[in-house]
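# Notes for the structure review
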Amino acid sequence: MEKMLAYILNLATLMCINAVLAITLNFIMGYAGIFSIAHAIFFGVGAYTAAYFALHASASLFLAIPVSMVAAGLLSLILALPALRVRGEYFVAASLGLQVLGVTIFSEWKSFTGGLGGVIGIPPADLFGHAITDPVQFLLLAAGCLVLVILVTNTLLRSSFGRNLKAIRDSESAAHAFGKNVAVIKTLSVMISSALAAIAGALYAFYLGFINVESFTLDTSVLLMAMVIIGGTGTLLGPIVGTVLLMLLPSLFSYMWFLPQTEIGAIQQIAYGAAMVLLMIFRPGGLVSARKNQGEP
Amino acid sequence: MIFAKKTLSISLLAFAAWGACAQAADLKIGALFPMSGPNATYGDIFGTGANLAAEHINADKILKEKLTIQYEDSQALPQQGVIGMNKLVNVTKVPYVLSAFTGVSKAISTTAARTKTVAINGGGVGPDLADLGPYFWNIIPLANFEVKAIIPYLIKERKLKRFVLVYVDDPLGASIRKEMTDTLPKAGGELVEALSVPASSQQFSGIAARVRAAKPDAIYIASYGSQEAQIVKQFRDNGLKQQLVSYSAFSIPEINKLPEAAGALYTTQNVDWNSTDPVTKRFVDDYKKKYNKMPTAYVANYYNAVRLFGLLAQQLEKQGKPVTGENLLAQRIETKTFDLVGGKATFASNGTVISAMQVNEVDGKGGKVVSVVSQ
């Protein structure tokens with residue numbers, strides 16, 4: 001059992017990082033109805049900024065994380081303002097454009113991102129002068145950040161801002177008619193979501209010690225969206241359940257010794273596809289359905 | 001219903017534990033290949049070579065235990081690679097992992113170094129893969145060796161002096177550009193133009209015009225996959241008749257069958273598939289019997305990666321030493337030269353294999369060797 005520990009710690013740490021991303025995506029997707037498929041870009045901006053900052057200035061978490069949050073927040077502001085003028089499926093198309101553009105910049109801006117070769121040798125995260133290299137300590141750090149993100153999003157959702165988001169999700173025109181500044185609320189929500197996603201990016205860069213564009217592609221955005229949808233949009237627990245499930249399943253498959261080892265990938269894809277179809281037929285709201293929570297703040 | 005579910009879960013876990021125990025006597029190595037996603041084809045190709053080597057090692061009883069390969073799906077992505085590597089190192093406790101793809105290789109190199117586990121690459125050729133620490137080895141000559149091998153041949157034998165380089169805008173292309181800039185003047189040649197193309201680009205008429213304007217004797221193409229075939233085709237369509245030159249990425253059926261590529265020259269490590277050397281002959285014969293086609297350099301590399309482990313572990317077992325990453329590294333440094341597919345191979349101090357190279361000419365039938373260059 002002892003030998004499993006390091007593996008479980010690794011998986012749990014990556015789950016915490018991905019859960020932060022899923023929660024922040026759910027913040028705009030589940031509560032404001034903004035379907036973004038560019039979330040991996042803000043994850044990437046956070047990761048690259050933290051990596052660059054750690055390599056050239058300081059690896060202190062109290063500096064690297066806020067800097068990456070500001071970078072991702074500002075970038076999202078620049079991009080959200082024009083893109084949020086469109087709604088529904090048009091925003092999906094606009095965010096797809098942003099995703100493609102972002103990946104191209106990550107690949108081509110070599111002085112900052114290292115191009116396809118990536119950034120190597122990122123120093124370990126520094127907390128009060130102590131370098132966090134121990135896997136248990138890093139898991140505690142990632143779990144701490146996850147709790148913090150849950151608290152922040154939960155507090156926001158219970159405030160009048162949260163009610164505004166839900167109003168926009170349910171009917172943008174009605175919210176507008178009631179005097180809500182829809183554009184400002186939507187822009188703010190995207191900005192908050194992106195800034196919080198950058199925390200996951202910073203943690204990811206410090207944890208792996210290496211990042212390249214392959215971690216921030218459209219596949220990642222789609223996977224994050226799947227985590228939110230499978231878990232249940234518009235719920236607090238849903239994204240976490242989705243993350244745990246989607247990250248645990250591949251690992252469980254690889255433990256099933258009776259499956260042919262080289263075909264596990266294909267079997268996993270079939271299982272994913274089938275599970276998604278069945279889920280959408282029998283439980284369209286996701287595993288943690290939001291229906292029973294309707295009416296709560 | 002709940003009782004039934006619990007019973008089922010416990011039975012599954014018990015079966016899993018039993019399965020793990022049943023295989024405990026095997027000597028395991030790991031393979032971190034993409035087995036799902038867009039790059040799954042590569043995982044399959046790499047696996048054929050690795051599996052054949054394990055079969056041969058077990059048939060010859062080179063090791064005291066049965067050698068098995070534990071596959072983990074990297075999806076060719078860094079994060080999945082790190083998860084897979086962690087499982088191989090911490091749960092399966094393998095001393096030796098087959099790696100592929102630059103992003104994955106770089107991401108797992110930290111874990112390999114920290115846990116003193118050997119990771120060995122047989123697919124990527126970017127020279128930066130040579131700098132990932134003592135526990136990261138390359139069983140494939142990296143791109144810089146390929147450039148060094150062909151330039152003197154082109155200048156002395158083919159009398160080509162003026163070169164244009166068309167390179168993909170990534171670490172591989174950049175490294176080939178650097179190598180050409182350094183090597184050409186020393187060998188008596190000249191790099192008259194270096195033109196980069198984005199990795200996703202498929203239109204090269206504009207580049208062809210610039211190449212024509214530079215009036216080179218030879219055009220070196222440093223790209224890979226379908227883009228490479230497009231460059232060749234569009235350059236010929238645009239009337240460029242100069243000698244085309246490239247590296248091992250040209251050794252794919254798509255290029256060999258392309259009429260426009262006929263006569264192009266490219267380097268690979270020296271593997272004479274018709275060799276009478278027993279290791280090479282057995283590999284080629286058994287591969288052809290099993291898959292009904294000729295092997296490629298990638299298949300040979302992963303065969304060699306597993307064979308190398310077999311040879312090193314055999315020596316360790318003879319000396320009564322445990323087969324650990326640390327001991328494998330020490331043994332590799334001590335042994336230096338190994339009998340692998342393609343002949344004898346030597347490792348440089350940075351863990352990268354140095355083997356003889358060959359210059360091939362595209363002839364539509366798999367390529368013919370026109371020159372062999374010893375390193």
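Residues numbered from 1 in each chain as written. Chains lettered and ligands numbered in written order. Predicted model: local features only at pLDDT ≥ 70, side-chain atom pairs only at ≥ 80, totals over all residues. Heavy atoms only, no water.

Along the backbone of chain B there are 12 helices and 15 strands. Over its C-alpha trace chain B gives a radius of gyration of 22 Å, about what one expects of a compact globule, namely 21 Å for 375 residues. Along the three orthogonal principal directions, the C-alpha set of chain B runs to about 75 × 50 × 40 Å. Of the roughly 15,600 Å² of accessible surface on chain B, a fraction of 55% belongs to carbon and sulfur atoms. Of the side-chain charges in chain B, 41 are positive and 32 negative, and the distance between the mean point of each set is 1 Å. (Helix = DSSP H or I, 4+ residues; strand = E, 2+ residues; numbered from the N terminus. Rg over C-alpha atoms; globule rule 2.2 N^0.38 Å. Areas by Shrake-Rupley, 256 points an atom, 1.4 Å probe, with all protein chains shown as cover. Lys, Arg positive; Asp, Glu negative; His and termini not counted. Charge placed at Lys NZ, Arg CZ, Asp CG, Glu CD.)

This part takes up the interface of chain B and chain A. Contacts between the two partners involve 33 residues from chain B and, on the opposite side, 29 residues from chain A. Our count for the contact surface shared by chain B and chain A stands at one salt bridge. Between D169 of chain B and K110 of chain A there is a salt bridge; the shortest N-O distance is 2.6 Å. Connecting chain B to chain A are two residue pairs in polar contact (both at pLDDT 80 or more). (Contact = heavy atoms within 4.5 Å. Salt bridge = Lys/Arg side-chain N within 4 Å of Asp/Glu carboxyl O. Polar contact = N/O pair within 3.5 Å; in protein donor to acceptor, adjacent residues only side chain to side chain.)

All names here are of chain A. This prediction gives chain A a mean pLDDT of 87; 95% of its residues lie at or above 70. Put simply, helix α8 (residues 172–177) is where chain A has its lowest mean pLDDT, 80, and helix α2 (residues 39–56) is where it has its highest, 96. Considering only residues more than four positions removed or in separate chains, one finds that residues 293–297, a stretch of pLDDT under 50, has five contacts. (pLDDT = per-residue confidence, 0-100.)

The next point concerns the pairing of strand β2 (residues 67–73) of chain B. All names here are of chain B. With seven of seven residues buried, β2 is to be regarded as a mostly interior element. Pairing between strand β1 (residues 27–33) and β2: seven bridges, direction parallel. Pairing of L27 across the sheet is with L67, part of β2. You can see the chain leave β1, run along helix α2 (residues 40–60) and come back into β2, and the turn it takes is right-handed. (Buried < 20%, exposed > 50% of the residue type's maximum accessible area, 1.4 Å probe, protein only. Pairing = 2+ DSSP bridges. Right-handed = clockwise from strand over helix to strand, strands pointing away.)

Tallying each qualifying case throughout the model produces 29 aromatic pairs over all chains. Relative to F101 of chain B, the ring of Y42 of chain B has its centre 5.6 Å away and its plane inclined at 85 degrees; by these criteria the two rings are edge-to-face. Of this pair, Y42 of chain B sits in helix α2 while F101 of chain B sits in the loop between β3 (96–99) and α4 (102–115), and the two are 59 residues apart along the sequence. Of the residues examined, Y42 of chain B reaches a relative accessible area of 34% and is grouped as partly exposed. Taken together through their ring pairs, the aromatic side chains of F43, Y48, Y52, F106, W109, F112, Y204 and F216 of chain A make up a single cluster. Between K87 of chain B and the ring centre of Y255 of chain A, over which it is positioned, the NZ or CZ distance is 3.9 Å. Over the aromatic face of W137 of chain B sits the side chain of R332 of chain B, whose NZ or CZ is 4.8 Å from the ring centroid. (Phe/Tyr/Trp six-rings, centres within 6.5 Å; stacked < 30°, edge-to-face > 60°. Lys NZ or Arg CZ within 6 Å of the ring centre and 35° of its normal.)

For the rest of this paragraph, the subject is the sheet that holds β3 of chain B. Residue and element names in this part refer to chain B. Strand order across the open sheet formed by five strands is β2-β1-β3-β4-β5, with parallel pairing between neighbours. Each edge of the open sheet carries a strand with a single partner, namely β2 and β5 (136–138). Recorded for the sheet is a direction-independent mean angle of 25 degrees between the axes of neighbouring strands. Across three bridges, strand β4 (residues 118–121) lies against β5 in parallel orientation. Following the sheet pairing, I120 is matched in β5 by W137. Those strands touched by helix α12 (residues 325–335) are β3, β4 and β5, and its axis lies near 45 degrees from that of β5. (Axes fitted to C-alpha atoms, helices over the stretch in contact; angles between N-to-C directions.)

Residue and element names in this part refer to chain B. Taking strand neighbours across the sheet as the criterion, the three strands line up as β11-β12-β13 in an open arrangement whose pairing is antiparallel. In the strand order of this sheet, the two ends are held by β11 (337–340) and β13 (353–354), each with one partner. Taken together, the two bridges between strand β12 (residues 343–347) and β13 define a ladder with antiparallel strand orientation. Across the sheet, F347 pairs through a bridge with V353, a residue of β13.

Residues and elements named next belong to chain B. Pairing of strand β14 (residues 357–361) with strand β15 (residues 368–373), which is carried by five bridges, proceeds in the antiparallel orientation. Residue pairing across strands places N360 opposite V369, the latter belonging to β15. The hairpin formed by β14 and β15 contains six residues between the paired strands, and G364 there has a positive phi angle of roughly 80 degrees.

Turning our attention to the nonpolar core. The biggest cluster of nonpolar side chains holds 89 residues, and the ones touching the most others in it are F206 and I211 of chain A. Considering every element that reaches this core, the biggest residue donor is helix α1 (residues 2–32) of chain A, with 18 residues. Those residues in contact with I211 of chain A that sit more than four places away from it in its chain are A47, Y48, A51, G118, V119, I122, Y204, A205 and F216 of chain A. In this structure, F46, A53, Y71 and V279 of chain B belong to the second largest nonpolar core, which totals 50 residues. (Core = buried A, V, L, I, M, F, W, Y, C linked by side-chain atoms within 4.5 Å.)

Our next topic: helix α10 (residues 218–231) of chain A. All names here are of chain A. The end-to-end C-alpha distance of α10, which contains 14 residues, comes to 20 Å, matching closely the 20 Å that a straight helix rising 1.5 Å per residue would cover. Those residues of α10 not exposed but buried are T220, S221, L224, M225, A226, M227, V228, I230 and G231. One or two residues past the end of α10 sits G232, with phi positive at roughly 130 degrees. (Expected span 1.5 Å × (residues − 1).)

Once that is clear, we can look at the confidence of the model for chain B. Residue and element names in this part refer to chain B. Counting all residues, the mean pLDDT for chain B is 87, and 93% of those residues have values of 70 or more. Under a pLDDT of 50 for its full length, residues 11–24 has, in the predicted model, five contacts with residues more than four places off or in other chains. Predicted complex, confidence summary: ipTM 0.79, pTM 0.81.

Residue and element names in this part refer to chain A. When you line up the elements, N26 lands in helix α1. Accessibility expressed as a relative area gives 3% for N26, which makes it buried. Polar side-chain contacts of N26 include one of 2.8 Å to the backbone oxygen of T235. When neighbours within four sequence positions are excluded, N26 is seen to be in contact with Y31, V228, G232, T233, G234, T235 and P239.

A separate point is helix α11 (residues 238–255) of chain A. Relative to the 26 Å expected for 18 residues at 1.5 Å per residue, α11 of chain A spans 26 Å between its end C-alpha atoms, a close match to the ideal helical length. At L249 of chain A, α11 of chain A is deflected by roughly 30 degrees, the largest bend along its length, and proline P250 of chain A occurs up to four residues later in sequence. (Bend = angle between axes of the 7 residues up to and from the residue.)

Residue and element names in this part refer to chain A. Structurally, G231 is set in helix α10. On the basis of relative accessible area, G231 is assigned to the buried category, the value being 0%. Sequence separation of G231 and T243 is 12 residues, and the distance between their C-alpha atoms is 7.5 Å. Discounting residues that sit within four places of it in the chain, G231 has contacts with A226, G238, G242, G286, L287 and V288.

Take unusual backbone geometry next. All names here are of chain B. With a phi close to 75 degrees, F101 is a non-glycine residue in the positive phi region. Of note, K215 is a non-glycine position whose phi angle comes to about 45 degrees, a positive value. Tracing the backbone shows K215 in the loop between α7 (205–214) and β8 (218–222).

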